[in-house]
Amino acid sequence: MTALRKPQVALISKAAPFAIRAERAADVAMREALLDACFGENRHGRTCQRLRDGRAPAAGLALSAMREGKLVGTVRLWHVSAGGRPALVLGPLAVDPACRELGIGAALMHQALAAARARGHAAVILLGDAPYYARFGFSAEKTGALSLPGPFERERLLGLEFQAGALDDAAGMIVPTGATLPKRRAARLHAHAA
Ligand SMILES: CC(C)(COP(=O)(O)OP(=O)(O)OC[C@H]1O[C@@H](n2cnc3c(N)ncnc32)[C@H](O)[C@@H]1OP(=O)(O)O)[C@@H](O)C(=O)NCCC(=O)NCCS
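Quick look at the structure, then. (Residues numbered from 1 in each chain as written. Predicted model: local features only at pLDDT ≥ 70, side-chain atom pairs only at ≥ 80, totals over all residues. Heavy atoms only, no water.)

Observations concerning the overall build of the protein chain
Right, on to step 1. When its secondary structure is counted, the protein chain shows five helices and nine strands.
Right, on to step 2. Along the chain direction, N to C, the helices and strands of the protein chain fall in the order α-β-α-β-β-β-β-α-β-α-β-β-β-α.
Right, on to step 3. Every one of the 194 residues in the protein chain was classed for burial, and the buried ones make up 39%.
Right, on to step 4. Pairs at least 24 apart in sequence give 69% of the contacts found in the protein chain among residues at least 6 apart.
Right, on to step 5. Carbon and sulfur atoms form 57% of the exposed surface of the protein chain, whose accessible area is close to 10,400 Å². (Helix = DSSP H or I, 4+ residues; strand = E, 2+ residues; numbered from the N terminus. Buried < 20%, exposed > 50% of the residue type's maximum accessible area, 1.4 Å probe, protein only. Contact = heavy atoms within 4.5 Å. Areas by Shrake-Rupley, 256 points an atom, 1.4 Å probe, with all protein chains shown as cover.)

Structure, rendered in structure tokens:
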């Protein structure tokens, strides 16, 4: 009887549902802790961070995955100019290591991309593993002439067009264009990151 009960408990716990919703101010500490766990505390030195420093994410495009009252996944998108073309950069995407392979990453991606498309954005760019992001339609087909403000692996720079031709002939530096955070808030975030 005991032998049977144990796996049942594990199964029920693994199957706990999750929900994706807009990120809230109360999520920030949990989100930052999750990102530290997934990318390490030196993550603030990564090249893509240069596109996010002191900026707010694009409106409606910061999502949290919640499971049993805990934040277990996050994704955000940011306004950029991709060599002069308006686009969004997606990242970071992260899922709690204890909750992976449950479809939470895919759900965050599908919801974020649907929201970005619905808001009329033309294209999304990211730096990530092509074998993972190909399933959402990302490829390096149109990102070959784009660059980032720091070192990056060329084969990891991927794009997805919502509007056909949005990234045609896109060339040059990807730079942030989103709303800047008020100085006090940016300083607080910086202090938190240090
Ligand atoms: C990548 C990540 C978000 C996926 O989250 P997840 O909730 O486990 O993803 P899903 O459950 O939706 O999908 C799991 C599938 O993705 C695959 N996968 C996960 N990471 C992968 C990678 N780097 N390359 C290729 N496939 C990958 C799994 O093998 C699994 O494949 P299957 O569907 O064929 O079984 C998660 O592993 C993570 O947070 N990783 C650390 C942070 C990171 O690398 N983020 C992405 C770069 S910004």
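Right, picking up where we left off after that structure.
Digging into the environment of Arg46
Right, on to step 1. Mapped onto the fold, Arg46 is located in the loop between helix H2 (28-39) and strand S2 (62-67).
Right, on to step 2. Note on Arg46: relative accessible area 41%, which makes it partly exposed.
Right, on to step 3. Each C-alpha atom of the pair Arg46 and Gly150 lies 8.1 Å from the other, and the pair is 104 residues apart in sequence.

Re the site of the ligand
Right, on to step 1. The environment of the ligand is made up of 16 residues, and the closest members are Glu101, Gly103, Gly105, Ala106 and Asp129.
Right, on to step 2. Taking Glu101, its main chain carries an N or O atom lying 2.8 Å from an oxygen atom of the ligand.
Right, on to step 3. Within the backbone of Gly103, one N or O atom sits 2.7 Å away from an oxygen atom of the ligand.
Right, on to step 4. For the ligand, whose unbound accessible area comes to 910 Å², protein coverage reaches 66%. (Near = heavy atom within 4 Å. Polar contact = N/O pair within 3.5 Å; in protein donor to acceptor, adjacent residues only side chain to side chain.)

Some details on the pairing of strand S9 (residues 172-176)
Right, on to step 1. Two strands pair when backbone bridges link them, and strand S3 (residues 70-82) and S9 are joined in this way by three bridges, in the antiparallel orientation. When the bridges of S9 are listed, Ser81 appears paired with Val175.
Right, on to step 2. In this sheet, S9 lies alongside strand S7 (residues 146-147) in parallel orientation, the contact comprising two bridges. By the bridge assignment, Leu146 is partnered in S9 with Gly172. (Pairing = 2+ DSSP bridges.)

Topic: the packing of aromatic side chains
Right, on to step 1. In the structure shown here, the tally under the stated rule is four aromatic pairs.
Right, on to step 2. Ring plane angle 55 degrees and centroid distance 6.4 Å describe the contact between Tyr133 and Phe136, whose orientation is recorded as tilted.
Right, on to step 3. The exposure class of Tyr133 is buried, given its relative accessible area of 11%.
Right, on to step 4. Counting every residue linked through ring pairs, the aromatic cluster contains Tyr132, Tyr133, Phe136 and Phe138. (Phe/Tyr/Trp six-rings, centres within 6.5 Å; stacked < 30°, edge-to-face > 60°.)

Let's talk about the nonpolar core
Right, on to step 1. Core analysis: the biggest nonpolar cluster contains 27 residues, and Leu90, Leu108, Met109, Leu113, Val124, Tyr133 and Phe138 have the highest contact counts within it.
Right, on to step 2. At the level of elements, S2, S3, strand S4 (85-90), helix H3 (104-118), strand S6 (123-127) and strand S8 (157-161) are the ones that each hand at least two residues to this core.
Right, on to step 3. No other element matches the six residues that H3 contributes to this core.
Right, on to step 4. With near-sequence residues (within four places) excluded, Leu90 lies in contact with Val75, Arg76, Leu77, Met109, Leu113, Val124, Ile125 and Leu126.
Right, on to step 5. Core analysis: the next-biggest nonpolar cluster, separate from the first, contains 16 residues, Cys48, Ala87, Ala166 and Ala170 among them. (Core = buried A, V, L, I, M, F, W, Y, C linked by side-chain atoms within 4.5 Å.)

Notes on the pattern of salt bridges
Right, on to step 1. Enumeration over the complete set of coordinates arrives at eleven salt bridges.
Right, on to step 2. Between Arg50 and Asp53 there is a salt bridge, with the nearest N and O atoms lying 2.9 Å from each other.
Right, on to step 3. Relative accessible area serves as the criterion here: at 37%, Asp53 is assigned to the partly exposed category.
Right, on to step 4. Members of the salt-bridge network, linked through shared partners, are Glu23, Arg31, Glu32, Asp36 and Arg43. (Salt bridge = Lys/Arg side-chain N within 4 Å of Asp/Glu carboxyl O.)

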